[in-house]
Amino acid sequence: MAEGGQTVRVAIAGCGAISRAHLRALAEAEPGDGVRLAVHGLFDQDAARAVERAQEFGVERVYGSWTEVLEDSQADVVAILLPHDLHCRFAVEALATGHHVVAEKPMATSLAECDQMLAAAARAGKRLYPVHNRVYDPATEAAESFIAGGAIGEVFLAQTVGLEPPQTVSVRPWLGTAAGGGGVLLAQAIHPAYVLRWLLGEVAEVACFKSARKVVDMTAEDTALALLRFQSGAVAEMTGTFGLRAGPYEHGITLYGPEGYVEIHSRRGVVGLSAQRFGDREVHALLEDAGWGSGFRRMWQDYARGVAAGSPTRVSGEDGKRAVEMILAAYRAADEGRTVALPLG
Ligand SMILES: NC(=O)c1ccc[n+]([C@@H]2O[C@H](COP(=O)([O-])OP(=O)(O)OC[C@H]3O[C@@H](n4cnc5c(N)ncnc54)[C@H](O)[C@@H]3O)[C@@H](O)[C@H]2O)c1
């Protein structure tokens, strides 16, 4: 197993769509603080897919079964890139066999599952990290430093949008089922949820509507609006849909202060308006390219340091649970037709 100055070896479980982003990030990651990253092996129940991915990224080992992954003591970390309802079981088993775990978002589908995963990590003395890649995006960092530098004053309002087509669901059949995926809130809005929490702090209260006009063939909600009130008093609105057949695929987060605003947008990059910073009332580019994707590389470098040197990381397993809690609060709010206070009882 890796100690400081060594290589952190990653076994990947799940070779679907998102595995490419992880494999690219792991291939590109520069050694940070003397810690290298290497892909040790790939596993998928669809063996042909694992082989294809191994060939694409030059990975030598393809595991024949999940048991083989668990028995591989050469692998330091198991990355769990699987349908949502499998995250908990696979994470708990990997932790129990002495591996650190990086689990895709949402870390799990319930607070009980999150607690099982955190307890398994504590028992094993291993690290558990959620994939909150957008916290590591240069775009998020640019917005964060714009705000921290006083450019717009204290944020009091935020809006997020996630517009995706039905293909997001149709290419992942499990995402259309209640057990496998959850709806747009758990699968998509969790990204802006964890970014808002990172930027604005803890949430006090959540309200939510799910659209009652179904446009995507899936069990759970395809479209929803959630409202958040933070402990700071700031409020935010999150809009998410998988129903936009013809529209642009876009994601955005806009944060407003009394003196201006900053917007992170998948097509517009990062832009800001700040009389204090720019001496005018125009919208200025802060970052031409939002850089979606490079967050994965920076995340893996941070987690590798956490694993190898025990250093604190930007995101922890507890953050994974808190993000899930925000979404579960939204579900409860929508289902019960009321606002729901956090933490959930
Ligand atoms: N961080 C991000 O930006 C981002 C983006 C997309 C997806 N995700 C997340 O990544 C995870 C995977 O999503 P995806 O888009 O790659 O899905 P996908 O459907 O493309 O891939 C899932 C893979 O898991 C495999 N699988 C299913 N059950 C299995 C089992 N029991 N044992 C072994 N393999 C099994 C499937 O064969 C498939 O290859 C989800 O948690 C999803 O929310 C994250």
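Since this is a predicted model, take the numbers as computed values, not measurements. Residue positions are given per chain, counted from 1 along the sequence in the order it is written. Where totals are concerned, whole chains, interfaces and linings use all residues; where local detail is concerned, this predicted model gives features only for residues with pLDDT of at least 70, and gives and counts side-chain atom pairs only at 80 or more.

Trainee: Looking at this structure, how should I read helix H6 (residues 138-148)?
Mentor: A turn of α-helix holds 3.6 residues, and therefore any two residues three or four places apart point the same way. Here exposure depends only on C-beta density: within 10 Å of a residue's C-beta, 20 or more other C-beta atoms make it buried, 12 or fewer make it exposed, and intermediate numbers make it partly exposed, the C-beta atoms being placed from the backbone. In this text, helices come from DSSP runs of H or I with a minimum length of four residues, and strands from runs of E with a minimum of two, each type numbered from the N-terminal end. Among the residues of H6, Ala139, Thr140, Ala142, Ala143, Phe146 and Ile147 are the ones counted as buried. For H6, the arc enclosing every buried residue in end-on projection is 160°, short of the 170-degree limit, so these residues lie on one face. The exposed residues of H6 that point more than 90 degrees off its buried face are Ser145 and Ala148. Here the contact rule is simple: place C-beta atoms from the backbone, and any two residues whose C-beta atoms are within 7 Å are in contact. Buried residues along H6 sit in contact with helix H8 (184-200), strand S10 (250-257), strand S11 (260-265), strand S12 (269-274) and strand S13 (284-287). Looking one or two residues beyond H6, the residue adopting positive phi is Gly150, at roughly 85°. The reported arc concerns the directions from the helix axis to the C-beta atoms and nothing else.

Trainee: Is there a simple way to explain the sheet that holds strand S9 (residues 235-241) in this structure?
Mentor: Sheet strands pair via backbone hydrogen bonds, and the direction of the pair is either parallel or antiparallel. Only when DSSP finds a minimum of two bridges between them are two strands counted as paired. Taken in spatial order, the nine strands line up as S13-S12-S11-S10-S6-S9-S8-S7-S14 in an open sheet, and their pairing is mixed. The open sheet is flanked by S13 and strand S14 (340-341), the only strands paired with a single partner. Summarising the sheet, strand S7 (residues 203-210) and S14 pair through two bridges and their orientation is antiparallel. From the neighbouring strand, Glu205 faces S14, where its bridge partner is Ala341. In this analysis an axis means a line fitted to C-alpha atoms, helices contributing only their contacting stretch, and an angle means the value between N-to-C directions, from 0 to 180 degrees. The sheet strands contacting H8 are strand S6 (157-163), S7, strand S8 (223-230), S9 and S10, and the helix crosses S9 at an angle near 155°. Strand contacts of helix H11 (residues 317-336): S7, S8 and S14, with the helix running at about 50° to S7, the strand carrying the most contacts.

Trainee: Can you walk me through helix H2 (residues 47-57) in this structure?
Mentor: Along H2, the residues classified as buried are Ala50, Arg53 and Ala54. Buried residues in H2, looked at end-on, bunch into an arc of 105°, giving them a common side. When the buried face of H2 is taken as reference, the exposed residues oriented beyond 90 degrees from it are Ala48 and Gln55. Following H2 by one or two positions, Gly58 adopts a phi angle in the positive range, close to 65°.

Trainee: How should I be thinking about the packing of H8 against H11 in this particular structure?
Mentor: In helix packing, the relevant descriptors are the interaxial angle and the interaxial distance, both defined with respect to the helix axes. The geometry of H8 relative to H11 is characterised by a closest axis approach of 9 Å and an angle of 120° between their N-to-C directions. Considered as vectors, H8 and H11 are oriented oblique to each other. In terms of crossing hand, the pair formed by H8 and H11 is right-handed. Between H8 and H11, the contacting residues are Leu185, Leu186, Ala189, Ile190, Ala193, Tyr194 and Arg197 on the first element and Asp319, Arg322, Ala323, Met326, Ile327, Ala330 and Tyr331 on the second. Each residue belonging to the contact of H8 with H11 can be placed in one class, and the counts come to eleven nonpolar, no polar and three charged. Angle categories are assigned with fixed cut-offs, so that under 35 degrees is roughly parallel, over 145 is roughly antiparallel, 65 to 115 is roughly perpendicular, and the rest are oblique. Whether a crossing is left-handed or right-handed is set by the direction in which the near helix is turned from the far one by less than a right angle, anticlockwise for left-handed and clockwise for right-handed. The classification used treats Ala, Val, Leu, Ile, Met, Phe, Trp, Tyr, Cys and Pro as nonpolar, Asp, Glu, Lys and Arg as charged, and all other residues, Gly among them, as polar.

Trainee: Please explain the domain arrangement of the chain as it appears in this structure.
Mentor: How big an interface is tends to be expressed through the accessible area that disappears when the partners come together. The source of the domain bounds is an automatic or database domain assignment. With domains assigned, the chain is organised as domain 1 (7-134 + 296-314) and domain 2 (154-257 + 325-341). Taking only C-alpha atoms into account, the centre of domain 1 sits 26 Å from that of domain 2. Listed by partner, the interface residues are nine residues for domain 1 and 13 residues for domain 2. For the side of domain 1 that touches domain 2, the per-class residue count stands at three nonpolar, three polar and three charged.

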